[in-house]
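Topology and contacts: notes
Now for the letters of each chain:
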Amino acid sequence: QSLDLANNQLRELPAALADCPRLKEANFRGNQLKDKRLEKMVNGCQTKAILEYLRAGGRGKGKAESAREEARKKKREKQQQKKDDGEQDELEEASKLLVKVLHVSENPAPLAVKASPGVRDVRPFIVCCVLKGVNLKPGNALKRFLSAQTKLHEDICEKRTAATIATHDLQLVRGPLMYDVRPPDQLKITPLGRKEIKAKDLLRQLQLEAEEQRKQKKRQNVSGLHKYLQLLDGKDNYPCLVDAEGVVISFPPITNSEKTKIRKDTRDLFLEVTSDTSLQICKDVMDTLILKIAELNRLTLENKEDSGSDNESDAICGPVNLKPSQNVQPMNFPLVVEQVRVVDTDGNLKVLYPSKTDLTTVSSLLTVIR
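Residues numbered from 1 in each chain as written. Predicted model: local features only at pLDDT ≥ 70, side-chain atom pairs only at ≥ 80, totals over all residues. Heavy atoms only, no water.

**Thoughts on the packing of aromatic side chains**
Definition in use: Under the pairing criterion, centres of Phe, Tyr and Trp rings, with the six-membered ring standing for Trp, must be within 6.5 Å; the plane angle then separates stacked pairs below 30 degrees from edge-to-face pairs above 60, leaving the rest tilted. Distance and angle both matter: a charge sits over a ring if NZ of Lys or CZ of Arg is within 6 Å of the ring centre and within 35 degrees of the ring normal.
Summed over all chains, the structure comprises one aromatic pair. Geometry around Tyr-228 places Arg-160 over its ring, the cationic atom sitting 3.6 Å from the centre.

**Here we look at the pattern of salt bridges**
The following threshold applies: In what follows, salt bridge is the name for a side-chain nitrogen of Lys or Arg lying within 4 Å of a carboxyl oxygen of Asp or Glu. The secondary structure listing takes helices from DSSP runs of H or I that are at least 4 residues long and strands from runs of E that are at least 2 residues long, numbered from the N terminus. Buried residues are those whose accessible area, probed at 1.4 Å on protein chains only, stays under 20% of the maximum for their type, while exposed residues exceed 50% and partly exposed ones sit between those limits.
Taken as a whole and judged by the stated rule, the model has 14 salt bridges. The partner of Glu-52 in a salt bridge is Lys-235, and the shortest N-O contact between them spans 2.6 Å. Placement of Glu-52 in helix H2 (residues 47-55) and of Lys-235 in the loop between helix H6 (199-216) and strand E10 (238-242) is noted, with a sequence separation of 183 residues between them. Residue Arg-263 pairs with Glu-258 through a salt bridge whose shortest N-O separation is 3.6 Å. Residue classification places Arg-263 among the partly exposed residues on the basis of a relative accessible area of 28%. One continuous salt-bridge network, built from bridges that share partners, spans Arg-174, Asp-243, Glu-245 and Lys-259.

**Looking at the side chain of Thr-164**
So the rule is basically this: Definition of a polar contact: a pair of N or O atoms within 3.5 Å, with one able to donate and the other able to accept a hydrogen when the atoms are protein atoms, and with sequence-neighbouring residues admitted only if both atoms are side-chain atoms. In this analysis, two residues are considered to be in contact whenever any of their non-hydrogen atoms come within 4.5 Å of each other.
Topologically, Thr-164 is positioned in strand E6 (residues 164-169). The buried category is assigned to Thr-164, whose relative accessible area is 4%. A polar contact is formed between the side chain of Thr-164 and the side chain of Arg-123, at a distance of 3.1 Å. Residues within four places of Thr-164 in sequence aside, it is in contact with Arg-123, His-153, Pro-253, Glu-272, Val-273 and Thr-274.

**Let's talk about the state of the cysteines**
This is how it is decided: When two cysteine sulfur atoms lie within 2.5 Å, the pair is treated as a disulfide.
Counting across every chain of the model gives zero disulfides. In this structure Cys-128 is not part of a disulfide, and its nearest cysteine sulfur, from Cys-129, lies 7.8 Å away. Not engaged in a disulfide, the cysteine Cys-282 finds its nearest cysteine sulfur in Cys-128; these two sulfurs lie 9.0 Å apart. Cys-282 sits in the buried class, given a relative accessible area of 0%.

Set out below in structure tokens:
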């Protein structure tokens, strides 16, 4: 139950520590660990958070970046290289992808998110922003949006095990918002395309559906699409985003609420990315999401599609918001990203997105007006 290895000469911590379910208190302070992020954690985080960090990919093996982060970095570089190769007009095209940042100080009514202390042991990291100037009405715009959200969850979010994206119709969001935790039998949500249900019953339903799908496809293991269901195994509380009316609008990494569902007439979005791994992963995913929305924006305008019927079916997953710009605005009309602050219950700032250092991972493809 208790392990004290403070002030030794440890350089790394074995990932196998995460497999000690009865370990409640662990003291590793005073060791010069190779993994500097882990070294900071052992000096300031609870034991549970440290063990989950080790479980999330063996990050105690002395590398400054985990294998996951390395893979993401390589993937981004590869995609960027692909876009650069053979496209000499890339800079000219990139100038058409514009995003303007509206700072909190310039916003008369900024949306705010308060994070309760309980999320630290469940799903501690959340990044949010508001995106205005989208148009999902023309042709297949909504269908492309839904497809893109699925692809982002599969790729950069690693089947939602690294991070989860949730997108909401801003007009249906009642702020201020609370990022909180609730016991599985008390958390109620109306998931996309379903009736109101308790979180524990929803998980049981999804696990049965996943098992049935596995049997039908004659696979040995449950598909990757459902691996994220295991992220909540053994948790006493589940994370949720609650609006000012007390309604749960998001239950990461499982689903969004029908209440704030994206539709063809949605104009403004509230974007949310959560993770149990790191804050930087949330920011990287949000950067990529905004870039994707800007790309879809341009695609819709270039195609000059007529309004048509789209299939509005939503996946049970929390959607990634990928949306095009306003009706017939000029091609370089920027989307507006409004900063959103996440604060603790005392009002202390935890994270502001986008800050001056955010959106730099996509700077070669996106022009940001700050």
